Amino acid sequence: SAVQKIIAALDLRSGETVIEIGPGKGALTIPLAEKCAEVGAKLIAIEKDGELAKSLELRVDSSQIITGDALKELPNFLSSYQLQALPTGQAGTSYKLVGNIPFYITGALLRVISELPIKPRVTVLMIQKEVAQRLCAKPPQMNLLAAATQIWAEPKLLFTLPPSDFEPEPQVKSAVIELRSEKSELKVDELKNYYRTIKILFKQPRKTLFNNLRDGGVEPEIARVLIAKLGLSERARPQDLSIDQCRSIADEL
């Protein structure tokens, strides 16, 4: 049932391309390939394990299987792959991203996606439940991961899964999230400056914004002016910031 919910969340249409990251033994890949064939979409999977990739090639021969590390292969592949444009009047291109992501690469993968020149319209990922909750946080629970992701996508927690749904059972609960990348995009240099800024703002979450800015090399008077412009007190903490406020500070630094 979880697999079918993930496929439904992708809302695949004719002409679209869906890229699966880390298909493994194909629990999602095989039914996803069937759905793609049904609606006229194309499936591409990126699998790091060479033996698993070969096995998938035999089982889903209508799909393209790429062997390699998705963190490296995804940008390389998209730079050369011809994505179909959306119908007139809709901005962007018609590819989507899906995967059951190892917990330890979640942050790195989200950073890779954020830096793609053409982002997926929809990304559906299974990740650790606690990470999913952090990613979807809003003020007054904002955090570095949420600030780094919500600048380019709108996250939504779709559903959770207990360890008993897996074999072998993991030590943590899982959740499936949806990321919609339909927000206005920053230029490459602006994005780099934004990430540099939020690392300063959230370096010590328990400290005040003023102290973090000062410790990050911002002159105290400039820090006070920046905070006052946002309508916040010097006692405000990083968790109180909205994405727009984070961006405003980044634009000033």
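Residues numbered from 1 in each chain as written. Predicted model: local features only at pLDDT ≥ 70, side-chain atom pairs only at ≥ 80, totals over all residues. Heavy atoms only, no water.

Caption draft 1: Fine view of the overall build of the chain. Along the backbone of the chain there are 11 helices and 7 strands. Its C-alpha radius of gyration of 20 Å places the chain within 12% of the 18 Å reference for a compact globule of 253 residues. Considering only C-alpha atoms, the chain reaches an extent of 65 × 45 × 30 Å along its principal axes. For the chain, the residues scored as buried account for 49% of the 253 residues in total. Long-range pairs, those at least 24 residues apart, make up 67% of the contacts in the chain between residues at least 6 apart in sequence. Carbon together with sulfur atoms contributes 49% to the accessible area of the chain, which is approximately 13,200 Å² in total. Mean positive and mean negative side-chain charge positions of the chain (33 and 31 charges, respectively) differ by 5 Å. (Helix = DSSP H or I, 4+ residues; strand = E, 2+ residues; numbered from the N terminus. Rg over C-alpha atoms; globule rule 2.2 N^0.38 Å. Buried < 20%, exposed > 50% of the residue type's maximum accessible area, 1.4 Å probe, protein only. Contact = heavy atoms within 4.5 Å. Areas by Shrake-Rupley, 256 points an atom, 1.4 Å probe, with all protein chains shown as cover. Lys, Arg positive; Asp, Glu negative; His and termini not counted. Charge placed at Lys NZ, Arg CZ, Asp CG, Glu CD.)

Caption draft 2: Spotlight on the packing of aromatic side chains. Evaluation of the coordinates by the stated rule reveals 1 aromatic pair. Ring centres of Y194 and Y195 lie 6.0 Å apart, and the angle between their planes is 65 degrees; this geometry places the pair in the edge-to-face category. Comparing Y194 with Y195, the two get one shared label, buried. Between the NZ or CZ atom of K5 and the centre of the ring of F159, over which it lies, the distance is 4.9 Å. Geometry around Y195 places R111 over its ring, the cationic atom sitting 4.1 Å from the centre. (Phe/Tyr/Trp six-rings, centres within 6.5 Å; stacked < 30°, edge-to-face > 60°. Lys NZ or Arg CZ within 6 Å of the ring centre and 35° of its normal.)

Caption draft 3: Broad picture of the side chain of Q150. Looking at where Q150 falls in the secondary structure, it is placed in helix α7 (residues 144–150). The class for Q150 is buried, based on a relative accessible area of 2%.

Caption draft 4: Fine view of the environment of A146. Locating A146 in the fold gives a position in helix α7. When the C-alpha positions of A146 and D49 are compared, they lie 30 Å apart, and in sequence the two are 97 residues distant. If sequence neighbours within four positions are ignored, A146 has contacts with R134, L135, A137 and I243.

Caption draft 5: Spatial organisation of the pairing of strand β7 (residues 174–180). Within β7, 6 of the 7 residues are buried, which leaves the element mostly enclosed by the surrounding structure. Sheet analysis places strand β5 (residues 122–128) next to β7, joined by 7 bridges and oriented antiparallel. When the sheet's bridge partners are listed, T123 is paired in β7 with L179. Alignment of strand β6 (residues 154–161) against β7, held across 7 bridges, turns out to be antiparallel. From the neighbouring strand, T160 faces β7, where its bridge partner is A175. (Pairing = 2+ DSSP bridges.)

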